[in-house]
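Letter by letter, the chains look like this.
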Amino acid sequence: MNGDHYPTDVMQKLVALCKRRGFVFQSSDIYGGLKSAYDYGPLGVELKRNIMNAWWATMVNGRDDVVGIDAAIIMKPDVWRASGHAAGFADPLVDCLVSKERFRADKAPRPAVGENLVLQVGDGNRAIAYGEQIAQRFGVSLQRQGNDLHGLYVADAQKVGCRHDADFSYPYRGYVSPCIGSPFLSDERQFNLMFRTALGAVDPMQDVAEVISSLTEADDLEAAVRERFARQAQEGPLADALASGQRQRIMRAVIELVTGPAMCYLRPETAQAMFVQFRNVLDATGLKPPFGIAQMGKSFRNEITVEHFIFRSCEFEQMEMEFFCPPGSQGEWMTYWKQERMTWWQRFANHPDDFRLRQHEADELAHYADECYDVEYYYPWGWDELEGIASRTDHDLHQHEEHAGVKLRYTDPDTVDPQTGKKPWSYRPFVIEPAAGATRAVLVYLLDAYHEETRTDAKGNPVVRTVLKLHPRLAPISCAVLPLVSNKEPFVVAARELHEALLAAGLRSRCDTKGAIGKRYAKHDEIGTPLCLTIDGQSLEDGTVTIRDRDSTDQDRIAIADAVAEVKRRIAGKS
């Protein structure tokens, strides 16, 4: 059964272990902590880096068709306007309750009274799913004709009706969603999705204070705004705010206008830099589709509800790859990448059955995606996302083409264009995106590794042994060298010599001299060290050392001269 290896209160115990042993600390801890922000301690940073290095080794270094970049956290705001991330700062946004599309209310289509509302879904299977969702949630069964759903119309300025169901009525907001034409909408909300900062040495809030002071002294706010910002009041967000007549919205639009030239955002994802740099990477490397661009790094999201320790936080690290492929081949590459990613996660796990692939239902898909899978893990609270593998079509490249005015295409001189029947074929690549969270991966492998077992001590009393059965490639420390007697120089000198030999061989070794030998074994079991090498009296006599296995606690005696090779052999045997 999934998760049956979890002991009682595993999350509470794991959080305590993380702080006690130096995996994860609450940020700003001595000041009471900062909600949703965490610092990775000496062991936590090693675990996270080992996971990220393993991902990079597999996704980039181990392949000929993927290259990496390391893009800036702060990008030109135009990038986020093109991607849609920045739309919500100056304007209210609305969610379509059917397609999950988010859009600006002031730019939405506005069907007139009497007009039919045809939901143009664009895909037959998705239309079926949307129809079932609408019937269940809103109580009306629409008629599907191919990829569209029919039956709704604008009954009057306040109400949507159904042609074949006289009893159905739904409030009409005066507009529908741009993507599918749905009237089933959320309330208008002001979103704060990204963290903002000002680029430049001068604080723009000084300009804001001066402008607001001047405008609020005017007898007629709207007239003062129109006079001061005559050009911007003609069109754009300020013009829309003035047209609304809402004082608060006008003031916000003014503030956005004044601060706009200096305003930048902390990136909410690493993906957009890979789309923006598609042309440069293509030209610099000579690659041709199918090929990928990978990136690891920090992202920041202000919209999420933080929960479950480091599972969801406002600052996190991602491991993402955009795989560019010819249109029409995305299904084949989705099949490939979903299995590759699933296999990678299971490779380092004690409980591979706690991972699964779940395909998104049609009504879960983003409006630009044609297929999506989640690698899910069975957390203590149940199945939840670990990595998403999305087929994003050519949506992102198309958006940046339109906003930047730059062609983001590949021209294949040797392939016939399916539409013209002639060479060459110039196309915008479709994209498969495996996107994983490195910080979430830390939690997953800690949960997978956390193990408790009851043993009997020397006095015959039951004791609970806590072990982190981390995979050797991920464990913060590969092996520990322990002098049996830590206050006698010959033992310590011999231990340090062996420790230095292990370090020189590229192994993550730690020489631990503090505490009784039993407590040191227990500590290294608890932090996941796979092997312990103990220098004892016999070591000084015959040049041998005991090697102890973390999981079984079995001990063998080997020659000190063979220790490096033996540690490498045992770690490689579990890789």
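For the structure itself, look to the data block above.
## Notes on the overall build of the protein
When you go through the protein residue by residue, the secondary structure sums to 17 helices and 28 strands. Projected onto its principal axes, the C-alpha coordinates of the protein cover approximately 95 × 65 × 55 Å. When contacts within the protein are restricted to residue pairs at least 6 apart in sequence, those whose partners lie at least 24 apart make up 65%. Accessible surface, the protein as shown: approximately 27000 Å² in total, 48% of it carbon and sulfur. In the protein, 67 positive and 82 negative side-chain charges are present, and the distance between their average locations comes to 3 Å.

## A look at the side chain of Asp-448
Here Asp-448 is to be found in helix α13 (residues 438-449). Each residue touching Asp-448, except ones within four places of it in the same chain, is listed here: His-5, Phe-348, Ala-349, Asn-350, His-351 and Tyr-377.

## Re a nonpolar patch on the surface
Together, Ile-73, Ile-74 and Leu-199 make up an exposed nonpolar region whose accessible area comes to about 240 Å². Position of Ile-73 relative to the elements: it lies in the loop between β3 (66-68) and β4 (74-75). Under the relative-accessibility criterion, Ile-73 is labelled partly exposed at 32%.

## Comments concerning the side chain of Ser-299
Structurally, Ser-299 is set in strand β14 (residues 291-300). Looking at Ser-299, its side chain comes within polar contact range of the side chain of Gln-318, at 2.6 Å. Those residues in contact with Ser-299 that sit more than four places away from it in its chain are Arg-267, Pro-268, Glu-269, Thr-270, Cys-314, Glu-315, Phe-316 and Gln-318.

## Section: the pattern of salt bridges
This model, assessed by the stated rule, comprises 36 salt bridges. The closest approach of N and O atoms between Arg-252 and Glu-256, which form a salt bridge, is 3.7 Å. Of this pair, Arg-252 and Glu-256 both sit in helix α8 (residues 247-259), four residues apart, which is roughly one turn of the helix. Given the relative accessible area of 29%, Arg-252 is considered partly exposed. Here Glu-433 ties to Arg-392 by a salt bridge, and the two come within 3.3 Å at their closest N and O atoms.

## Looking at the nonpolar core
Core analysis: the largest hydrophobic core is formed by 60 residues, its most contacted members being Phe-23, Trp-345 and Phe-355. Top contributing element to this core by residue count: α13, with nine residues. The contact partners of Phe-23, leaving out residues within four places of it in the chain, are Leu-17, Cys-18, Asp-39, Tyr-40, Gly-41, Leu-43, Gly-44, Leu-47, Leu-446, Leu-468, Pro-476 and Ile-527. Core analysis: the second largest hydrophobic core is formed by 29 residues, Leu-119, Leu-152, Val-160 and Phe-184 among them.

## Overview of helix α11 (residues 330-347)
Between its terminal C-alpha atoms α11 stretches 25 Å, which fits the 26 Å expected from 18 residues at 1.5 Å a residue. Listing the buried residues of α11 in full gives Gln-330, Trp-333, Met-334, Trp-337, Lys-338, Arg-341, Met-342, Trp-344 and Trp-345. One side of α11 carries all its buried residues, which in axial view fall inside an arc of 160°.

Procedures and definitions
Residue positions are counted from 1 within each chain, in the order its sequence is given. In keeping with the predicted nature of the model, local features appear solely for residues at pLDDT of at least 70, side-chain atom pairs appear and are counted solely at 80 or more, and the whole-chain, interface and lining totals rest on all residues. Excluding hydrogens and water, the side-chain values take into account all heavy atoms of the structure. Helix and strand labels come from DSSP, where a helix needs a run of H or I of at least four residues and a strand needs a run of E of at least two; each type is numbered from the N terminus. Pairs of residues are marked as contacts when any of their non-hydrogen atoms sit within 4.5 Å. In these tables, accessible area is a Shrake-Rupley quantity obtained with a 1.4 Å probe, and a residue counts as shielded only by the protein chains included in the view. Counted as positive: Lys and Arg. Counted as negative: Asp and Glu. His and the chain ends are not counted at all. Where a charge lies is defined by one atom per residue type, namely NZ (Lys), CZ (Arg), CG (Asp) and CD (Glu). Here, patches come from residues exposed beyond 30% relative accessible area and free of salt bridges, joined within 9 Å for like charges and within 5 Å for nonpolar side chains (Val, Leu, Ile, Met, Phe, Trp, Tyr). Here a salt bridge means any side-chain nitrogen of Lys or Arg lying within 4 Å of a carboxyl oxygen belonging to Asp or Glu. Accessible area is worked out with a 1.4 Å probe on protein chains only. A residue is then buried under 20% of its type maximum, exposed over 50%, and partly exposed in between. Between N or O atoms, a polar contact is any pair within 3.5 Å; within protein, one atom must be a potential hydrogen donor and the other a potential acceptor, and residues adjacent in sequence are included only when both atoms are from side chains. Only buried residues count toward a nonpolar core, which is a set of Ala, Val, Leu, Ile, Met, Phe, Trp, Tyr and Cys residues joined through side-chain atoms within 4.5 Å. The length a helix should cover is 1.5 Å for every residue beyond the first. Within this analysis, the arc is defined by the directions that extend from the helix axis to the C-beta atoms.

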